Structures are given as C-alpha cells and as structure tokens.
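Residues per chain are reported as follows:
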Amino acid sequence: MRRLALALALFTAVPFAPHVRAAGADAGLGLEVSVPGAGDYDLFEPGYGLNFAFRRWCTDQTGYQLGIGYTQWDAGDGERVGSRLTDFSGDALAVPFGLSALFRAAELPVALELGLRYVLMESDLEAVNLDAGESAALDIEDSVIGLVAVHTDWELSASTRLGVDLGYQFDVSPGEVDSRFGDAGEVELQSFFLRVGLRWPL
C-alpha cells in the first residue's frame, strides 16, 4: 500500500508545480469503464474506476498528459488456460500511472493520445487447482501497458468542460500470476475503455 500512496502523492503534486502553470493547461477527474479484450482467457470482468489527469498543450498541435487511475477488477468465470486453475473469486486493484503524448489538428474537434502506464497491482484473488481440489491465493506482479485513445470535450461553462475518451490499452510487459501451486501465466490487462469526466483550466 505504500507504493500506492507514493504514486498518489506524486500525481497530486503535479498541478501545483510552478513550471507547469501555463495557458493551455487543465486538470480532469472522471469515471472509467474497461472491458477486457483479446487473449486465451480474460481473468477479469469489466473494471470500473476513477481517472485523474493533468494535461498541458505545449503548442496548438502537441502536448502531454500525466495520468493516474484507480480501477477495481472482479474475477471472471472460467478456467485459466494452461494453469489448471478454475473457480476464480475475489478482485484486484490496479493503479496505472504514466505519461502520454497528445496530438490534435486545428480543424478537428478531437485529440489523439498515445501513452505508457506502469500498473501497480494489489491482488485479492483466489482460484481452485483442478488437480489438488484446493483453493489458493493468487499473486499478480506489476505490469506495463500502452494505450491509444481519442479525446473530445465540450464547454459547460467558462471554467468547466465535459471530456470523453474512447480507447484501447494493450500489454507491453505483463505481470506474472503465481500461486502456491506454481506459475499461472501472465495477467492480461488489454481492454477497451471509456472515460467520462470534467476538466478545469489551471
């Protein structure tokens, strides 16, 4: 939990750093829904969480975004292919944080986001081993994911905008899944996601 607290503290401090205060900067907070994508077996059901982002446009066409999220993933039904594990239960907490590059064209009302996230994983998952007929806790290592998303927003007032992101995240360096029965493969976090939230200029 100390790792989660450190990540949250670092990203909370970002908007208040003097070197990032400039025209074209904003901060946003929103809800996120993630739907697992491809893979031999999706360990999780759709995930739900929060996302905080600090965004700055350095030019009219390019910028960057610092983001941190908090997503709760419930275990899915089925058997983990090749692991002899089944009857999954419990949930896992994922805290992704990292940097994205932003691109936009003046004539279009959308922006493209390309990013990387380091994902802290806290597992409260269990599964039953088919050979032993016993359950065991699952440990999930941290992961690295990439993401691509399209963003657009609408002005609600002079100080508030409504933002919507639609994108896909994919595994770059997936974390290992282990139990007392041995290796259970790698965690798959690739998924489609939708973010809806509010943004405020800084």
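Whatever comes next refers back to the structure up there.
We now examine the overall build of the protein. Of the regular secondary structure elements, the protein holds one helix and eleven strands. Shown N-terminal to C-terminal, the secondary structure of the protein runs as helices and strands in the order α-β-β-β-β-β-β-β-β-β-β-β. The 202 residues of the protein split such that 44% are buried. Residue pairs in contact within the protein that sit at least 24 positions apart in sequence constitute 66% of those at least 6 positions apart. Carbon and sulfur atoms make up 61% of the accessible area of the protein, which amounts to about 10300 Å² in all.

Per the counting criterion, the structure on display carries four aromatic pairs. Seen from their ring centres, Phe-44 and Trp-73 are 5.5 Å apart, and the 45° between their planes marks the pair as tilted. Taken as a pair, Phe-44 in the loop between β1 (25-36) and β2 (47-57) and Trp-73 in strand β3 (residues 62-74) lie far apart in primary sequence, 29 residues in all. Each member of the pair Phe-44 and Trp-73 is classed as buried.

With the rule as written, the count across this model stands at ten salt bridges. Close ionic contact of Arg-161 with Asp-153 constitutes a salt bridge, the shortest N to O distance being 2.9 Å. The class of Arg-161 is partly exposed, set by a relative accessible area of 28%. Taking the shortest distance from any N to any O, the salt bridge between Arg-161 and Glu-155 comes out at 3.5 Å. It is possible to trace a salt-bridge network through shared partners that takes in Asp-26, Arg-55, Asp-153, Glu-155, Arg-161 and Arg-199.

Okay, the nonpolar core next. The nonpolar side chains of soluble globular proteins are, as a tendency, buried together. Core analysis: the biggest nonpolar cluster contains 19 residues, and Phe-44, Leu-125 and Ile-140 have the highest contact counts within it. Contributions of two or more residues to this core are made by β4 (85-104), β5 (111-129) and β6 (135-140). Setting aside its immediate chain neighbours within four residues, Phe-44 contacts Pro-36, Trp-73, Asp-74, Gly-76, Ala-92, Leu-125, Ile-140, Val-187, Glu-188 and Leu-189.

Alignment of β5 against β6, held across four bridges, turns out to be antiparallel. The residue bridging Leu-125 from the neighbouring strand is Leu-138, located in β6. In this structure, the hairpin formed by β5 and β6 is closed by a connection of five residues, where Gly-133 is found at a positive phi of approximately 70°. Where β6 and strand β9 (residues 176-179) come together, two bridges link them in antiparallel fashion. For Asp-139, the partnering residue across the bridge sits in β9 and is Asp-178.

A positive phi angle, close to 50°, is found at Asp-87, a residue other than glycine. Residue placement: Asp-87 occurs in strand β4.

Taken together, the ten bridges between β1 and β2 define a ladder with antiparallel strand orientation. Each bridged residue has a counterpart across the sheet, and for Ala-25 the counterpart in β2 is Arg-56. In this structure, β2 lies alongside β3, joined through ten bridges in antiparallel fashion. Opposite Arg-55, over in β3, you have Gln-65 as the bridge partner. Where β2 folds back on β3, the antiparallel hairpin that results is connected by four residues.

Conventions used here
- Residues numbered from 1 in each chain as written.
- Predicted model: local features only at pLDDT ≥ 70, side-chain atom pairs only at ≥ 80, totals over all residues.
- Heavy atoms only, no water.
- Helix = DSSP H or I, 4+ residues; strand = E, 2+ residues; numbered from the N terminus.
- Buried < 20%, exposed > 50% of the residue type's maximum accessible area, 1.4 Å probe, protein only.
- Contact = heavy atoms within 4.5 Å.
- Areas by Shrake-Rupley, 256 points an atom, 1.4 Å probe, with all protein chains shown as cover.
- Phe/Tyr/Trp six-rings, centres within 6.5 Å; stacked < 30°, edge-to-face > 60°.
- Salt bridge = Lys/Arg side-chain N within 4 Å of Asp/Glu carboxyl O.
- Core = buried A, V, L, I, M, F, W, Y, C linked by side-chain atoms within 4.5 Å.
- Pairing = 2+ DSSP bridges.

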